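Working through the structure, step by step
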Amino acid sequence: MDQSTTFALFGDSATTMLSVLVFLATGTLAFAVMIGVRAREAVRRRAARVSIDDGMSGANRRALRYSGIRAAQKLIDYTTRHYSSVDGDNVKILRRRLMQAGVYSPHGAACFFIARGSCAVALGIATFFVLPMLGFSGKAPFWLFIMSGGVLGYLAPSLYLDRRIARRRLEHQAGFPDFMDLLVVCADAGLSMEAALDRVGRELGDSYPSLAANIHMANLEIRAGRTVTEALEHLGDRLGLEEARSFATLIQQSDELGSSISDALRVYSDDMRHKRLSRAEEKAYSLPAKLSLPMMICIFPVLFVVILCPVIVRMVTGNW
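Residues numbered from 1 in each chain as written. Predicted model: local features only at pLDDT ≥ 70, side-chain atom pairs only at ≥ 80, totals over all residues. Heavy atoms only, no water.

1. Regarding the side chain of Asn-214
Of note, Asn-214 is situated in helix α9 (residues 209-224). Judged by its relative accessible area of 0%, Asn-214 falls in the buried class. A polar side-chain atom of Asn-214 sits 2.7 Å from the main-chain carbonyl oxygen of Ser-210. If sequence neighbours within four positions are ignored, Asn-214 has contacts with Tyr-104, Arg-168, His-172, Leu-235, Arg-238 and Leu-239. (Helix = DSSP H or I, 4+ residues; strand = E, 2+ residues; numbered from the N terminus. Buried < 20%, exposed > 50% of the residue type's maximum accessible area, 1.4 Å probe, protein only. Polar contact = N/O pair within 3.5 Å; in protein donor to acceptor, adjacent residues only side chain to side chain. Contact = heavy atoms within 4.5 Å.)

Laid out in structure tokens, this is it:
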């Protein structure tokens, strides 16, 4: 092929070929830049997830927010190390209460003591500044009110924890009979105790989320190597119910004696259902006694006014 033939083939499309080459070069460069930017962004996100230090520049490290976060983290870590080494009865009781309240973090005890001290100091200082506005400045009860505010702030986390435990215990108490009924159904269907707990935990997730979360933790303990009896005992401790502890004892005795777990679950489920009915009847029977005081305070005075008001008007006006 000579030069004239080559020119005949490509001479007419030289402009088109040049445009195609320029387009390919531009597209390749843009594609390479896009890949580089995406890779850099992915690396930045991964570094930010690894540690907060990797995601902050030197200017941000000098910021007040970062300093506060680091100081709070150091305080929590120090308090956690201090109370982790303490193995007293009070700390054990506190950790059990935190578990019953739904606080499973290893820093729970440290955060509780920090909150207790912070609330005592904050409420005492607030009382110190509020009392002069109310006219108590310089009077004898001034410091007594400040001490009372500090004591109230010191007790506030415990009161909140007790209220949260009571609320979750009511939920567990209401959902435990349903939990037993579903276990009976699963046992009659031929499922093992592990499979039945897993199935029942998923079924109760919408109605009783706290109870379902505790059942899921019991399943995780069984998968980690604990026996069913130990997992159920820990479940009873977390729920704070005597019914749950009795259920763990029932499963242990059925396993040791070789009796039918389905029959034991059915009998215990009937007992739980009767207990729930008894609690409902007890609340219904106590309702008239509870309503007597509001009726005496709110309803009877109004009735007396309505009945005696015409008589009083007639007496005053003399129109009999």
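Still to come is the rest of the account.
2. Examining the side chain of Ser-158
With respect to the helices, strands and loops of the structure, Ser-158 is situated in helix α7 (residues 141-188). Other than its neighbours up to four places away in sequence, Ser-158 contacts Arg-97, Phe-112 and Arg-116.

3. What to know about the packing of aromatic side chains
A ring pair, where both rings are aromatic, is described by two values, the distance of the centres and the angle of the planes. Evaluation of the coordinates by the stated rule reveals six aromatic pairs. Between Phe-176 and Phe-179, the aromatic rings sit 5.4 Å apart at their centres with planes inclined by 50°, giving tilted as the arrangement. On the criterion of helical spacing, the pair formed by Phe-176 and Phe-179 is a turn pair, its members being three residues apart in helix α7. For Phe-176, a relative accessible area of 2% translates into the label buried. Residue Phe-179 is classed as buried on the basis of its relative accessible area of 0%. The interplanar angle of 85° and the centroid separation of 5.9 Å between the aromatic rings of Phe-179 and Phe-247 together place this pair among those described as edge-to-face. On the criterion of sequence distance, the pair formed by Phe-179 in helix α7 and Phe-247 in helix α11 (residues 242-257) is long-range, its members being 68 residues apart. Summarising the burial analysis for this pair, Phe-179 and Phe-247 share the class buried. Counting every residue linked through ring pairs, the aromatic cluster contains Phe-176, Phe-179, Phe-247 and Tyr-268. A cation sits over an aromatic face here: Arg-116 above Tyr-154, 4.5 Å from the ring centre. (Phe/Tyr/Trp six-rings, centres within 6.5 Å; stacked < 30°, edge-to-face > 60°. Lys NZ or Arg CZ within 6 Å of the ring centre and 35° of its normal.)

4. A few points about helix α10 (residues 228-239)
Between its terminal C-alpha atoms α10 stretches 16 Å, which fits the 16 Å expected from 12 residues at 1.5 Å a residue. For α10, the secondary structure elements touched by its buried residues are α5 (89-100), α7, α8 (193-203), α9 and α11. Trailing α10 by a residue or two, Gly-240 shows a phi angle of about 75°, which is positive. (Expected span 1.5 Å × (residues − 1).)

5. Considering α5
Between the first and last C-alpha of α5 there are 17 Å, a value that for 12 residues agrees with the 16 Å anticipated at 1.5 Å per step. Buried within α5 we find Val-91, Leu-94, Leu-98 and Gln-100. Immediately downstream of α5, the backbone of Gly-102 shows phi near 95°, a positive value.

6. Some details on the packing of α7 against α9
For the pair α7 and α9, interaxial distance at closest approach is 8 Å and the crossing angle is 70°. The angle between the axes of α7 and α9 places the two elements in the roughly perpendicular class. Of the residues in α9, those in contact with Arg-168, Glu-171, His-172, Gly-175, Phe-176 and Phe-179 of α7 are Pro-209, Ser-210, Leu-211, Asn-214 and Ile-215. (Axes fitted to C-alpha atoms, helices over the stretch in contact; angles between N-to-C directions. Parallel < 35°, antiparallel > 145°, perpendicular 65-115°, else oblique.)

7. Points about the environment of Arg-97
Tracing the sequence through the fold places Arg-97 in helix α5. Taking the C-alpha atoms as reference points, Arg-97 and Gly-240, separated by 143 residues in sequence, lie 8.8 Å from one another.

8. Structural notes on the packing of α7 against α11
Two elements in contact, α7 and α11, have axes whose closest approach is 10 Å; the angle formed by their N-to-C orientations is 25°. The angle between α7 and α11 places the two elements in the roughly parallel class. Residues Gln-173, Phe-176, Phe-179, Met-180 and Leu-183 of α7 form the contact with α11, whose own contacting residues are Glu-243, Ala-244 and Phe-247. Counted by class, the contact of α7 with α11 contains six nonpolar, one polar and one charged residues. (Nonpolar A, V, L, I, M, F, W, Y, C, P; charged D, E, K, R; others polar.)

9. Overview of the confidence of the model for the protein chain
Confidence in the prediction of the protein chain, expressed as mean pLDDT, is 78, and 78% of residues score 70 or more. Looking over the protein chain, one finds the lowest element-wise mean pLDDT in helix α1 (residues 3-10), namely 47, and the highest in α9, namely 88. Counting interchain partners and residues more than four positions distant, the pLDDT-below-50 stretch residues 1-10 has four contacts. For residues 51-59, every residue scores under 50 in pLDDT, and the model assigns this stretch 10 contacts once sequence neighbours within four places are set aside. (pLDDT = per-residue confidence, 0-100.)

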